[in-house]
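Commentary on secondary and tertiary structure
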Amino acid sequence: MDVASFSLGFVAALLLVGLILGGTCVYLGRIRSGRRDVKGYLDLIPDLSREQRERVQEIRRSFLPRVQTIRDNLRRERAELAGLLFEEPVDRSRIFAVAREILLHQSDLENEVIEHILEEQELLTPSQKRKFHSIIVEQFSSGGLGVHDVRGRQ
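Conventions used here
- Residues numbered from 1 in each chain as written.
- Predicted model: local features only at pLDDT ≥ 70, side-chain atom pairs only at ≥ 80, totals over all residues.
- Heavy atoms only, no water.
- Helix = DSSP H or I, 4+ residues; strand = E, 2+ residues; numbered from the N terminus.
- Expected span 1.5 Å × (residues − 1).
- Buried < 20%, exposed > 50% of the residue type's maximum accessible area, 1.4 Å probe, protein only.
- Arc of directions from axis to C-beta.
- Contact = heavy atoms within 4.5 Å.
- Bend = angle between axes of the 7 residues up to and from the residue.
- Salt bridge = Lys/Arg side-chain N within 4 Å of Asp/Glu carboxyl O.
- Core = buried A, V, L, I, M, F, W, Y, C linked by side-chain atoms within 4.5 Å.
- pLDDT = per-residue confidence, 0-100.

Here we look at helix H4 (residues 126-140)
Taking 1.5 Å of rise per residue, 15 residues should cover 21 Å, and H4 covers 21 Å from first to last C-alpha, within 8% of that figure. Among the residues of H4, Gln128, Phe132, Ile135, Ile136 and Gln139 are the ones counted as buried. Seen from one end, H4 has its buried residues packed into an arc of 100°, which puts them on one side. Seen from the buried face of H4, the exposed residues on the opposite side, beyond 90 degrees, are Pro126, Arg130, His133 and Glu138. Elements in contact with the buried residues of H4: helix H2 (50-85) and helix H3 (92-121).

Have a look at this one:
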């Protein structure tokens, strides 16, 4: 076997693999950056007018900080609960008190999201409302709150 031919083939194969990996990275980066731009359900409706988008941004200025505070409380309390579950001696009353706090914050988050959906829905045309409905059904199908759930922003 000719060493020059082998070397040329090897270099060509390396370049081809590099191009494929580079293209894959660029493609996956675009997909990931597109997901990062989603801050709410209405980001998934492409035909919002400029006025509708501006109004959505106004609504989010108060909504997003409120739900972020609730999410932070949930994460903190779940971490506390995890620690309490393995403390010796077990303090069952404290464990169940923290569990009740978690339930209250989950309920608060659910109520905030419901109010937010109702407020956003008022901005939409009938065809956009139908799209919005299908988005909500899809987002809620996993059992959580979709993009607004504790897992939704991680």
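Examining unusual backbone geometry
Omega for the bond connecting glutamate 88 with proline 89 falls within 30 degrees of zero, at -5°, which places this linkage in the cis form. Mapped onto the fold, proline 89 is located in the loop between H2 and H3.

Here's the deal with H2
Relative to the 52 Å expected for 36 residues at 1.5 Å per residue, H2 spans 50 Å between its end C-alpha atoms, a close match to the ideal helical length. Of all the bends in H2, the greatest, near 40°, is centred on arginine 60.

Some words on the pattern of salt bridges
Tallied over the entire structure, the rule returns nine salt bridges. Of the charged contacts in the structure, one is a salt bridge between arginine 75 and aspartate 72, with a shortest N-O distance of 3.7 Å. Of the two residues, arginine 75 and aspartate 72 both sit in helix H2, three residues apart, roughly one turn of that helix. Classification of arginine 75 by relative accessible area gives partly exposed; the value is 29%. Assessed through its relative accessible area of 39%, aspartate 72 is described here as partly exposed. Connected via shared salt-bridge partners are Arg50, Glu51 and Glu54.

Some thoughts on the nonpolar core
With 22 residues, the main nonpolar core has Tyr41, Leu42, Ile45 and Phe132 as its most contacted residues. Of all the elements in the fold, those that place two or more residues in this core are H2, H3 and H4. Dropping the residues within four chain positions of it, isoleucine 45 is found in contact with Arg53, Leu124, Gln128, Lys131, Phe132 and Ile135.

Here's the deal with the environment of histidine 116
Tracing the chain through its elements places histidine 116 in helix H3. Distance in space between the C-alpha atoms of histidine 116 and glycine 40 is 9.7 Å, their sequence separation being 76 residues.

Here we look at the confidence of the model for the protein chain
For the protein chain, the mean per-residue pLDDT works out to 86, and 88% of the residues sit at or above 70. No element of the protein chain has a lower mean pLDDT than helix H1 (residues 3-36), which averages 78, and none a higher one than H3, which averages 95.

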